[in-house]
There are 2 protein chains.
Amino acid sequence: MQNLEELQTLVDQKIEGFCRKNGEANILQPVNYILSLGGKRVRPLLTLLAADLFSDNIEDAVYPAIAVEIFHNFTLMHDDIMDNAPLRRGKATVHEKWNRDVAILSGDAMLIQAYQLIIKTKESAVIDVMRIFNQTALDVCEGQQLDMDFQSRLDVTIDEYIEMIRLKTSVLLGGAMEIGATIAGASTADREAICRFAIDLGLSFQLWDDYLDAFGDASKTGKQVGGDILADKKTFLMIRAMEKADASDRDIMLQLQKEPIVPSEKIDIIKGLYQRLGVDEELKLEAERYYHQALAHLDSVAVPLERKNKIARVAQALHVRQF
Amino acid sequence: MQNLEELQTLVDQKIEGFCRKNGEANILQPVNYILSLGGKRVRPLLTLLAADLFSDNIEDAVYPAIAVEIFHNFTLMHDDIMDNAPLRRGKATVHEKWNRDVAILSGDAMLIQAYQLIIKTKESAVIDVMRIFNQTALDVCEGQQLDMDFQSRLDVTIDEYIEMIRLKTSVLLGGAMEIGATIAGASTADREAICRFAIDLGLSFQLWDDYLDAFGDASKTGKQVGGDILADKKTFLMIRAMEKADASDRDIMLQLQKEPIVPSEKIDIIKGLYQRLGVDEELKLEAERYYHQALAHLDSVAVPLERKNKIARVAQALHVRQF
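Residues numbered from 1 in each chain as written. Chains lettered and ligands numbered in written order. Predicted model: local features only at pLDDT ≥ 70, side-chain atom pairs only at ≥ 80, totals over all residues. Heavy atoms only, no water.

(A) Seen up close, the overall build of chain A. A tally of regular secondary structure across chain A gives 16 helices and two strands. Taking 323 residues into account, the globule formula puts the C-alpha radius of gyration at 20 Å, and chain A, at 20 Å, falls close to it. Taking the principal axes of the C-alpha coordinates as reference, chain A spans close to 60 × 50 × 35 Å. Taking all 323 residues of chain A together, the buried fraction comes to 58%. Total accessible area computed for chain A in this model is approximately 13700 Å², and 50% of it derives from carbon and sulfur atoms. Within chain A, one finds 37 positive and 50 negative side-chain charges whose respective centroids are separated by 3 Å. (Helix = DSSP H or I, 4+ residues; strand = E, 2+ residues; numbered from the N terminus. Rg over C-alpha atoms; globule rule 2.2 N^0.38 Å. Buried < 20%, exposed > 50% of the residue type's maximum accessible area, 1.4 Å probe, protein only. Areas by Shrake-Rupley, 256 points an atom, 1.4 Å probe, with all protein chains shown as cover. Lys, Arg positive; Asp, Glu negative; His and termini not counted. Charge placed at Lys NZ, Arg CZ, Asp CG, Glu CD.)

Next up, the structure:
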């Protein structure tokens, strides 16, 4: 068993090696560029942690772990086109730095490259790993579709919203861990438990993300507070507030979406409304519920407690970042 | 061994079954739509023909064959965005019928679906088939990139052009056949020979396509004559004419690209130039050279002559369509 820092270093090294191998090929420059923008590399770490949970040899999980990160960055490249996003981690997005067509085509190449990496594991695991990866990838596309559909709808329910973030962000965490567990030879029950752990952790994380966007401390999150509010994004807070609001509150909210006012005023009014309606507290309860559900799934995995330490630490680190 | 018509029917049935299974899912509607536009389904047929060349049992090649067709249609969906094409086979393209984002996302889903199908073969072949498929897919992306790059360049050489069409269209024919041969257990030498056969056949086909666009009979090709000329497309004819032209002819060509004149006049002037410079005859010689090279590769495959009949018939059918 390797420690967390060693696993993280391994991920970084393998991604660097991947980029080096891509070299100067035209179509792969945007691939190297988006990977150079950084990120926490949580997903490949989860794959390695899941493998490490069930086996002392994680070697066969290394390239599939990188495949998951490449896939994740592929979705970012294409999502940024669809969202017309000018910036990604403070730098120009690929379609801004190059153009739309380059972002489409290099994204496609990146998805294919993920498949080149996913099969670099032991032969007996390839088909299982491919099945998990394919289903996860399709789910992520469906999640993005739902997210876009929601922007033009006023009647999105909380259940629909949870299903959307489950597909768009959580299933990839689940898939990342299930792939690691599968390569390490875990039982079907354990593979399912670790997948559910990651999905619930992801839901908790995403809900907290909604909270922090409105109520976080900009000096800690590094993001501008109120971005979702200014973009009229349908978050847990917004959807639940629309559900709970009376006619006059709902009018205020719809009015603010139509008429431009001073941004800071809009943020203050909406945040006040969220607090008055208590949807901020509701969100916290819901996020905590998913977090504890995640830990229960981790508990149920049939390996000695000490093997779970690293994963529990990562879960906690993702959890406490909020406060 | 099944006859050609039976193989074609099998392909059609499996594609219909695939669409039925996609059902009404939002993100898969454009997938079913683009497949409903038809096409000759040459690529999956080539996969089955290659399997049939080496084995009496082609069952394990059926889903990979469909995967190749799904992949091909994925490239059409994304290429149509990049080319701003309003029509595909006389019907609205996906980005026209829905919108750009749908065409990006459903295309992504379609590529993933190709991978779901490609692994539906015998386990011992999966990794080899995946390797061929991945490399082929990356080559096709690179070909599309080159094609786009060429539009803004005036110094494209014939060698560069041949390399572009090789990547953009021929390697997929080669990959389709190599996958079928691999599943059927062909030797490395035979896999390579059948792959080269398909690549050279593809080059011949593509060159004839350039010829027919300028000199074909609209009533037979079903396409408007001179489309490439009006779009100032860098075809074999155009590139070779620019190379052979003297200063005054080159001026005429560049002038016609800048100043709008009556379309039919532009077509007549350029066609006259092609004929005067003899690039039409050069193209024919080159296309025939690739065709005979293809047949030589087929000859070299180490199976009894009678097994090659069907493939030779398909090659000839693709060849004689020109006249």
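(B) Quick peek at the domain arrangement of chain A. All names here are of chain A. With domains assigned, chain A is organised as domain 1 (1–186) and domain 2 (192–323). Centre-to-centre, using C-alpha coordinates, domain 1 lies 22 Å away from domain 2. In this complex, domain 1 contributes 33 residues to the contact, which on the side of domain 2 involves 28 residues. Counting the surface lost from both domain 1 and domain 2, the interface buries some 2800 Å², and carbon and sulfur atoms represent 72% of this. When residues of domain 1 are sorted by the area they lose upon contact with domain 2, Leu-53, Ile-158 and Tyr-161 head the list and together hold 23% of the total. The interface formed by domain 1 and domain 2 includes three salt bridges. A salt bridge links Arg-313 to Glu-5, with the shortest nitrogen-to-oxygen separation between them at 3.5 Å. Inspection of the domain 1/domain 2 interface yields twelve residue pairs in polar contact (both at pLDDT 80 or more). Elements represented by at least two residues in the side of domain 1 that touches domain 2 include exactly helix H1 (4–22), helix H3 (42–54), helix H7 (126–151) and helix H8 (158–183). Its residues assigned to classes, the side of domain 1 that touches domain 2 comprises 18 nonpolar, eight polar and seven charged. (Domains from an automatic or database assignment. Contact = heavy atoms within 4.5 Å. Buried area = accessible area lost by both parts, 1.4 Å probe. Salt bridge = Lys/Arg side-chain N within 4 Å of Asp/Glu carboxyl O. Polar contact = N/O pair within 3.5 Å; in protein donor to acceptor, adjacent residues only side chain to side chain. Nonpolar A, V, L, I, M, F, W, Y, C, P; charged D, E, K, R; others polar.)

(C) Structural detail: unusual backbone geometry. A positive phi angle, close to 55°, is found at A:Arg41, a residue other than glycine. Judged by its relative accessible area of 12%, A:Arg41 is buried. With a phi close to 50°, B:Arg89 is a non-glycine residue in the positive phi region. The exposure class assigned to B:Arg89 is partly exposed, which follows from its relative accessible area of 41%.

(D) Here's a closer look at the relation of the copies chain B and chain A. Superposition record for chain B on chain A: RMSD 0.0 Å, screw rotation 180°, translation along axis 0.0 Å. One copy is carried onto the other by what is essentially a two-fold rotation axis. Taken together, the interface assignments show that 100% of the residues at the interface of chain B recur at the interface of chain A, consistent with an identical surface on both copies. (Least-squares fit on C-alpha atoms with pLDDT ≥ 70 in both.)

(E) How the structure looks around the interface of chain B and chain A. Opposite the 34 residues of chain B that make contact, chain A presents 34 residues. Summed over both partners, the interface of chain B with chain A comes to about 3300 Å²; 74% of that surface belongs to carbon and sulfur atoms. Mapped onto the side of chain B that touches chain A, the elements with two or more residues apiece are helix H4 (62–82), helix H6 (100–118) and helix H7 (126–151) of chain B. Among the residues forming the side of chain B that touches chain A, the class breakdown is 18 nonpolar, nine polar and seven charged.

(F) Looking closely at the side chain of A:Arg43. Residue and element names in this part refer to chain A. Here Arg-43 lies in helix H3. No salt bridge is formed by the buried Arg-43; its nearest oppositely charged neighbour, Glu-69, is found at 4.8 Å. Residues contacting Arg-43, with those up to four places away along its chain left out, are Val-68, Glu-69, His-72, Leu-172, Leu-173 and Ala-176.

(G) Spatial organisation of the packing of helix H12 (residues 236–244) of chain A against helix H15 (residues 279–300) of chain A. Residues and elements named next belong to chain A. Running from N to C, H12 and H15 cross one another at 125°; their axes reach a closest spacing of 9 Å. Considering their axes alone, H12 and H15 lie oblique with respect to each other. Crossing geometry of H12 relative to H15 is assigned as right-handed. Counting all contacts with H12, which are made through Phe-236, Leu-237, Arg-240, Ala-241 and Lys-244, the residues of H15 involved are Val-279, Asp-280, Glu-282, Leu-283 and Glu-286. Considered class by class, the residues forming the contact of H12 with H15 number five nonpolar, no polar and five charged. (Axes fitted to C-alpha atoms, helices over the stretch in contact; angles between N-to-C directions. Parallel < 35°, antiparallel > 145°, perpendicular 65-115°, else oblique. Left-handed = near helix turned anticlockwise from the far one by under 90°.)

(H) A look at the confidence of the model for chain A. Looking at chain A, the pLDDT average stands at 94 and 98% of residues meet or exceed 70. Here the complex is predicted with pTM 0.96, and the ipTM for its interfaces comes to 0.95. (pLDDT = per-residue confidence, 0-100.)

(I) Quick look at a nonpolar patch on the surface. A contiguous nonpolar patch, built from A:Ile252, A:Ile261 and A:Ile269 and spanning about 210 Å² of accessible area, is present on the exposed surface. Checked against the element boundaries, A:Ile252 lands in helix H13 (residues 247–258). (Patch = residues over 30% accessible without salt bridge, like charges linked within 9 Å, V, L, I, M, F, W, Y side chains within 5 Å.)

(J) Spotlight on helix H15 (residues 279–300) of chain B. Residue and element names in this part refer to chain B. End to end, H15 covers 32 Å across 22 residues, agreeing with the expected 32 Å (1.5 Å per residue, within 8%). Of all the positions in H15, only Val-279, Asp-280, Leu-283, Ala-287, Tyr-290, Tyr-291, Ala-294, His-297 and Leu-298 are classed as buried. Along the axis of H15, the buried positions cluster into a sector of 115°, meaning they face one direction only. Those residues of H15 that are exposed and aimed more than 90 degrees away from the buried face are Leu-285 and Asp-299. Looking at the packing, one finds that the buried side of H15 touches helix H8 (158–183), helix H9 (188–215), helix H12 (236–244), helix H14 (263–277) and helix H16 (309–320). (Expected span 1.5 Å × (residues − 1). Arc of directions from axis to C-beta.)

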